[in-house]
Amino acid sequence: MVKRVVPALLCAVLAVAVLGWLGLRQWGTEQPLFPSGTMTTGMPPIAGTVKNFIPTDPGRPAPIDIFHDGDGREVSLMDFGGKVVLLNLWATWCVPCLAELPSLDRLQAKLGGADFQVVAVSVDRRGVDAVRPFFAKLHIANLPIYVEPQNQLATALGLQVLPSTIVIGPHGIMLGRMIGAAEWDAPESLALIRHYIDATHPPPSS
């Protein structure tokens, strides 16, 4: 009996080690942005429409639960490794969500690229079928469709209110969150996002 148990335990330990290594490979090897409890670049600017934003100190890893894109392909937050991500959870039946969605679209148009991505995930139970008409009605042109009708992502994040938004660093560390709607392309919102982009993607020294 012992001879069978020991190899099984060794296999389990090796499997955990391999999965952990793959996770590090996916997110990279950067240390949390708050190794001593405070960012060396100072706290982010918080005012106006994002006055309720709460920095996470210290940051903790974001969940890797699966959601889906508009074509049904599996996606996780690890797919955006290397970028600052503004993760927004919303639903078509949530009036404040619909009010802020166009500003998220404009934010993506202004700052989206190699260093930053808006990831707006609908929690509608009807998934893509519920989202497409609203994207068309609101003329959303810069945001891909993402859906997670099982609400597992929201549960993993401990979110119970929509809309909710979380800033995630390029190596999967959650840097702050905001409950409620905002005008995400307002000057103070852009300053907040640029703060995190600059902190995690500093320009090369001359």
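This text follows the structure it describes.
Residues numbered from 1 in each chain as written. Predicted model: local features only at pLDDT ≥ 70, side-chain atom pairs only at ≥ 80, totals over all residues. Heavy atoms only, no water.

Mapped onto the elements of the fold, Asp-69 is located in strand S2 (residues 67-69). From its side chain, Asp-69 meets the backbone nitrogen of Arg-73 in a polar contact 2.9 Å long. If sequence neighbours within four positions are ignored, Asp-69 has contacts with Val-75, Val-128, Ile-145 and Tyr-146. (Helix = DSSP H or I, 4+ residues; strand = E, 2+ residues; numbered from the N terminus. Polar contact = N/O pair within 3.5 Å; in protein donor to acceptor, adjacent residues only side chain to side chain. Contact = heavy atoms within 4.5 Å.)

The next subject is unusual backbone geometry. Here the bond from Leu-162 into Pro-163 is cis, since omega is -5°, no more than 30 degrees from zero. Looking at where Pro-163 falls in the secondary structure, it is placed in the loop between helix H4 (152-157) and strand S7 (164-168). You will see that His-139, though not glycine, has its phi angle at about 60°, which is positive. With respect to the helices and strands, His-139 occurs in the loop between helix H3 (128-137) and strand S6 (146-147). Positive phi values are uncommon outside glycine, yet Asn-151 reaches one of about 65°. Tracing the chain through its elements places Asn-151 in the loop between S6 and H4. A residue is classified by how much of its surface remains accessible, and Asn-151, at 35% relative accessible area, is partly exposed. (Buried < 20%, exposed > 50% of the residue type's maximum accessible area, 1.4 Å probe, protein only.)

Our next topic: the state of the cysteines. Counted according to the given criterion, the structure contains one disulfide. Between Cys-94 and Cys-97 runs a disulfide, and the two sulfur atoms are separated by 2.3 Å. Handedness of the Cys-94-Cys-97 disulfide follows from its S-S torsion of about 80°: it is right-handed. Among the residues examined, Cys-94 registers a relative accessible area of 5% and is labelled buried. (Disulfide = S-S within 2.5 Å.)

Enumeration according to the criterion identifies four aromatic pairs in this entry. Between Phe-80 and Tyr-146, the ring centres sit 6.0 Å apart and the planes meet at 90°, which makes this aromatic pair edge-to-face. Pair noted here: Phe-80 is in the loop between strand S3 (74-75) and strand S4 (84-90) and Tyr-146 is in strand S6, with a separation of 66 residues, a long-range link. For Tyr-146, a relative accessible area of 10% gives the class buried. (Phe/Tyr/Trp six-rings, centres within 6.5 Å; stacked < 30°, edge-to-face > 60°.)

Moving on to the nonpolar core. The biggest cluster of nonpolar side chains holds 35 residues, and the ones touching the most others in it are Leu-86, Leu-107, Phe-116, Trp-184 and Ile-193. For this core, the secondary-structure elements that each account for two or more residues are S4, helix H2 (95-111), strand S5 (116-122), H3, strand S8 (173-179) and helix H5 (187-200). Sorting elements by how many residues they give to this core places H2 first, with six residues. Ignoring any residue separated from it by four or fewer positions in sequence, one finds Trp-184 in contact with Val-50, Leu-86, Glu-100, Ser-103, Leu-104, Leu-107, Thr-165, Met-178, Ser-189, Leu-190, Leu-192 and Ile-193. With 18 residues, the next largest nonpolar core counts Val-75, Leu-89, Tyr-146 and Met-174 among its residues. (Core = buried A, V, L, I, M, F, W, Y, C linked by side-chain atoms within 4.5 Å.)

Another aspect to go through is the pairing of S5. Of all seven residues that make up S5, seven are buried, and the element is covered over most of its length. Alternating positions in S5 separate into two faces, Phe-116, Val-118, Ala-120 and Ser-122 on one and Gln-117, Val-119 and Val-121 on the other, with burial throughout. Judged from the seven bridges that link them, S4 and S5 form a sheet pairing that is parallel. Bridged to Leu-87 within S5 is Val-119. Assessed by its sense of winding, the connection that carries the chain from S4 through H2 to S5 is right-handed. Pairing between S5 and S6: two bridges, direction parallel. Pairing of Ser-122 across the sheet is with Val-147, part of S6. Regarding topology, H3 serves as the crossover connection from S5 to the parallel S6, and that connection is right-handed. (Pairing = 2+ DSSP bridges. Right-handed = clockwise from strand over helix to strand, strands pointing away.)

Before going further, it helps to spend a moment on the packing of H2 against H5. Two numbers describe how H2 lies on H5: the axes approach to 12 Å, and their chain directions differ by 45°. For the element pair H2 / H5, the angle class is oblique. Seen from above, H2 lies across H5 with right-handed handedness. Within the contact between the two elements, H2 uses Leu-107, Lys-110 and Leu-111 and H5 uses Leu-190, Ile-193, Arg-194 and Ile-197. In terms of residue class, the contact of H2 with H5 is built from five nonpolar, no polar and two charged. (Axes fitted to C-alpha atoms, helices over the stretch in contact; angles between N-to-C directions. Parallel < 35°, antiparallel > 145°, perpendicular 65-115°, else oblique. Left-handed = near helix turned anticlockwise from the far one by under 90°. Nonpolar A, V, L, I, M, F, W, Y, C, P; charged D, E, K, R; others polar.)

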